[in-house]
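Observations on the three-dimensional arrangement
What follows is the residue order along each chain.
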Amino acid sequence: MPGRHRVVNSAQVVLLLATRALDRALDYAVPPPLADRVQCGSLVACPLGRRTVLGVVVGREPPSWDGTLAKLAGVVDVQPVPDALVELAAWIARYYAAPLAACLRLVLPPGAEGTLRRRPDGGWRLAAPSGPGVQLVASDPIDGGTARQRAIAAVLAHAGGTLTAIELCARAATTLPTLRRMAAAELIALDRRERAQSPQKDHAEPIVGPTLNAQQAAAVAEISAALGRGQEALLVHGVTGSGKTEVYIHAIEAVRALGRGAIVLAPEIALTPQLLERLRGRLGEGVALWHSGLSDGERAVEDRRIRAGEADVVLGARSAVFAPLANVGLIVVDEEHEGSYKQDASPRYDARQVAYRRGRLEDALVVYGSATPRPESWWALPHVTLSDRADGAPLPHVEIVDMRTQPPGPISRPLARALQEAAARGEKAILLLNRRGLARMGLCQACGWIARCPACDVPLVVHDRPEHLVCHHCGHDAPVPVLCPSCRGAEVARQGSGTQGLEEALAVVVPDVPLIRLDGDAIARRGELGSRLARFARPGAAVLLGTQMVAKGHDLPAVTVAGVLDADGALQRPDFRAEERAFALIVQLAGRAGRRGEPSTVFVQAWEPDGRAVRLGARHAVQEFLAGEIHRRQDRQFPPFGHLVRIVADGVSATSVANLARELADALREADPDMTVLGPAMLHRLRGRFRRSVLVRAERATDATAAVVAQIEARQAGLRAMEVRVVIDVDPQDT
């Protein structure tokens, strides 16, 4: 058969397709001319029926059967995926029950999502999709064609074999249609490619670091000792302002002295610019940036620097755990309590757990750090504690405000008075309200009608400029009705406040003070976050307000007032982590105040001021909170004393979804009596689809995952017939 032959050399290849039936390693024959180029991690062109598709080599073992195999069409001209990352992707697929092809996409080099193209010389390359930052590039000239075409190819060859199409047209006095005809005749290659550009154009000014205090020095010594004895992980628990970043920098210097590299993870892309400036100021230009907000061109520059050894430290958000850094000796997971380390789309990996796994694969130490560590980390890891702020300043005083005693509105009287006094002194304030929009909902005060999303069964949020109703789940947008659709009354009003509503209220309380809002609406444009933080840092009074991103790791001067509005709002969620999240928000926001030793006060506004999370958060009582939380979870066998797997079924038929969820829950209970199966529970409709969830608890995540996968695989035909989708979430952050 053409294209097939008896195997003398073979490779195992995962095709980068979304087809479930092909989501496994397939055997391909390796033709002799490719034998030396095909290695684990190579990207290869693979025949599949009448198509040629992109694949990743995951092994060079003998084939699994004695037949004839299709032979690889070629090796794609991109850097291979490092062995450790291929193995890491395979582990993610197993542990999180995710498609292997999707997991391999996490570790592909920049530009690997392009279209597979044949080059004139018979090789293969990837063309970037069209879009901003993409340019047409001519390359690989071949001597042939008309005299004019040969002259154009000669110009291209003289320039080194690669020019942008615009530049080649100018140098050879030709036109783009001529180049396209040459490409069609395979005299040159013409592809779209990302413009190579650095994500950080400014060089950081060198910074002289402070002298370590005794606690910081002890923490650095412990990390250095852990590096020396091959320890897998440890936790740095430090109060806000204790100088954890300085500890990380000294740890990176220690691992560099051993000739190894480091990866530093931050929970949000928004936190990387400030941290990058600090790391480059202390560690030099050998610090690369790596996150999903970079273009392929920017990532290509950083990829080249990392692979060439020009950068031995990589900073980024969740995806930086997959950076192609060789000889990793240290992985730092800063603000490890943040749930944003868990990806909420397939593959649903947790970068904190993936970091631990990569550390084991590369014999690297993983250092987790937080002022409010997770109970899982506190229980499982040896830890060092920084109990004091680096400069010896006291933690801010915290005042709990009982909102039952206050007038309507988002700002209590004590907080309003403190804001006005701080403004008069030219000082700054930070306020946290973890809800976007102008108001929580539109409500008819006559009949109780609430504006709801027609596709999601949740209240619509009121936004301004102009005033309208928005669903934060599906994006549905509607005008605010003049008359109530239910009773035709004219009393449709706002109910509750979001960050836009808080901004309105602040304009009345401190009318002459700059108000700087940080939320998903305000910083949608690239660079907007840095611009707004820079405005806030200017001398003089200002108020920074926003959602939980205002509490995440910012080191800002002259903040003497901080406020957590609706501090116990998170406790209303039916989730066993609700108290942990409310507590962390209070402690983290309080930590933004008084970071230069300024006397400061934090106001915690709560409707249940005696709640455990509020009371202990106000006292900065982290270890007391963790002790109680661990005891509570041990009684219920929740993490860290058991693992959870969440199954969510959704479909257009409420009956089909309910029946399937009930059938799955019953089958799982029967399959393994040692597992606890909770549910099915009804969830609100989302984007027009009905949903039910089932929660499985087991001692080992792999046991629960295997049982869940087996039951779902046995029902694949029925799922397709019922048009029901099932999502598996291992170690979910929301239950």
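Our structure's up above, just so we're on the same page.
Residues numbered from 1 in each chain as written. Predicted model: local features only at pLDDT ≥ 70, side-chain atom pairs only at ≥ 80, totals over all residues. Heavy atoms only, no water.

By the alternation rule, side chains of strand S27 (residues 515–518) split into Leu515 and Arg517 and Ile516 and Leu518, which are all buried. In this structure, S27 lies alongside strand S28 (residues 542–546), joined through four bridges in parallel fashion. Residue pairing for S28: leucine 518 is matched across the bridge by glycine 546. (Buried < 20%, exposed > 50% of the residue type's maximum accessible area, 1.4 Å probe, protein only. Helix = DSSP H or I, 4+ residues; strand = E, 2+ residues; numbered from the N terminus. Pairing = 2+ DSSP bridges.)

Moving on, we get to the layout of surface pockets. Remark: the empty space left among the atoms is shown by a probe the size of a water molecule rolled over them. Each pocket or cavity is described by its volume, and for the second largest pocket that value is around 890 Å³. Among the secondary structure elements, those contributing two or more residues to the lining of the second largest pocket are helix H7 (244–257) and helix H8 (272–283). Counting residues per element, the lining of the second largest pocket draws most heavily on H8, which supplies five residues. Residues that form the lining of the second largest pocket fall into these classes: nine nonpolar, twelve polar and 14 charged. (1 Å grid on protein atoms, 1.4 Å probe; cavity = no way out; pocket = protein on both sides within 12 Å on 5 of 7 lines; lining within 4 Å. Points joined across faces, edges and corners; volume = space filled by probe spheres on them. Nonpolar A, V, L, I, M, F, W, Y, C, P; charged D, E, K, R; others polar.)

What follows deals with the nonpolar core. If you look at the biggest cluster of nonpolar residues, it comprises 89 residues, and the most contacted ones within it are Leu43, Ile92, Val314, Val354 and Val696. If we ignore the near neighbours within four places in the chain, the residues touching isoleucine 92 are Ala97, Cys103, Leu106, Phe322, Tyr349 and Val354. Listed in part, the 30 residues of the second largest apolar core include Leu279, Leu330, Val367 and Leu386. (Core = buried A, V, L, I, M, F, W, Y, C linked by side-chain atoms within 4.5 Å. Contact = heavy atoms within 4.5 Å.)

Two quantities define a packed helix pair, namely the angle between the helix axes and the distance between the axes. Where helix H15 (residues 578–590) meets helix H17 (residues 622–636), the closest approach of the two axes is 11 Å, and the angle between their N-to-C directions is 175°. Overall, the two elements H15 and H17 adopt an arrangement that is roughly antiparallel. On the side of H15, the interface is formed by Glu579, Glu580, Phe583 and Val587, while H17 contributes Val622, Phe625, Glu629 and Arg633. Residues belonging to the contact of H15 with H17 are distributed by class as follows: four nonpolar, no polar and four charged. (Axes fitted to C-alpha atoms, helices over the stretch in contact; angles between N-to-C directions. Parallel < 35°, antiparallel > 145°, perpendicular 65-115°, else oblique.)

Applying the stated criterion to the full structure yields two cavities of 30 Å³ or more. In this model, the largest cavity occupies a volume close to 40 Å³. Considering the residues around the largest cavity, the lining is formed by Leu419, Ala422, Ala423, Glu427, Lys428, Ala429, Val510, Val513, Ala542 and Val543. Put simply, the parts of the chain that give the lining of the largest cavity at least two residues each are helix H12 (413–424), strand S21 (428–432) and S28. Ranked by the residues each element gives to the lining of the largest cavity, the list is headed by H12, at three residues. Forming the boundary of the second largest cavity are Thr372, Pro373, Glu580, Phe583, Ala584, Phe625 and Leu626. Elements that contribute at least two residues to the lining of the second largest cavity include exactly H15 and H17.

To continue, consider unusual backbone geometry. For the bond running from serine 346 to proline 347, omega is -5°, close enough to zero to count as cis. If you trace the backbone, proline 347 turns up in the loop between strand S17 (328–333) and helix H10 (351–361). The residue after glycine 679, namely proline 680, is reached through a cis peptide bond having omega 10°. Relative to the assigned elements, proline 680 resides in strand S32 (residues 676–686). The backbone of glutamate 186 sits at a positive phi, close to 60°, despite the residue not being glycine. Mapped onto the fold, glutamate 186 is located in the loop between helix H5 (176–184) and strand S12 (189–194). Positive phi is not limited to glycine here, since arginine 488 has a value of about 65°.

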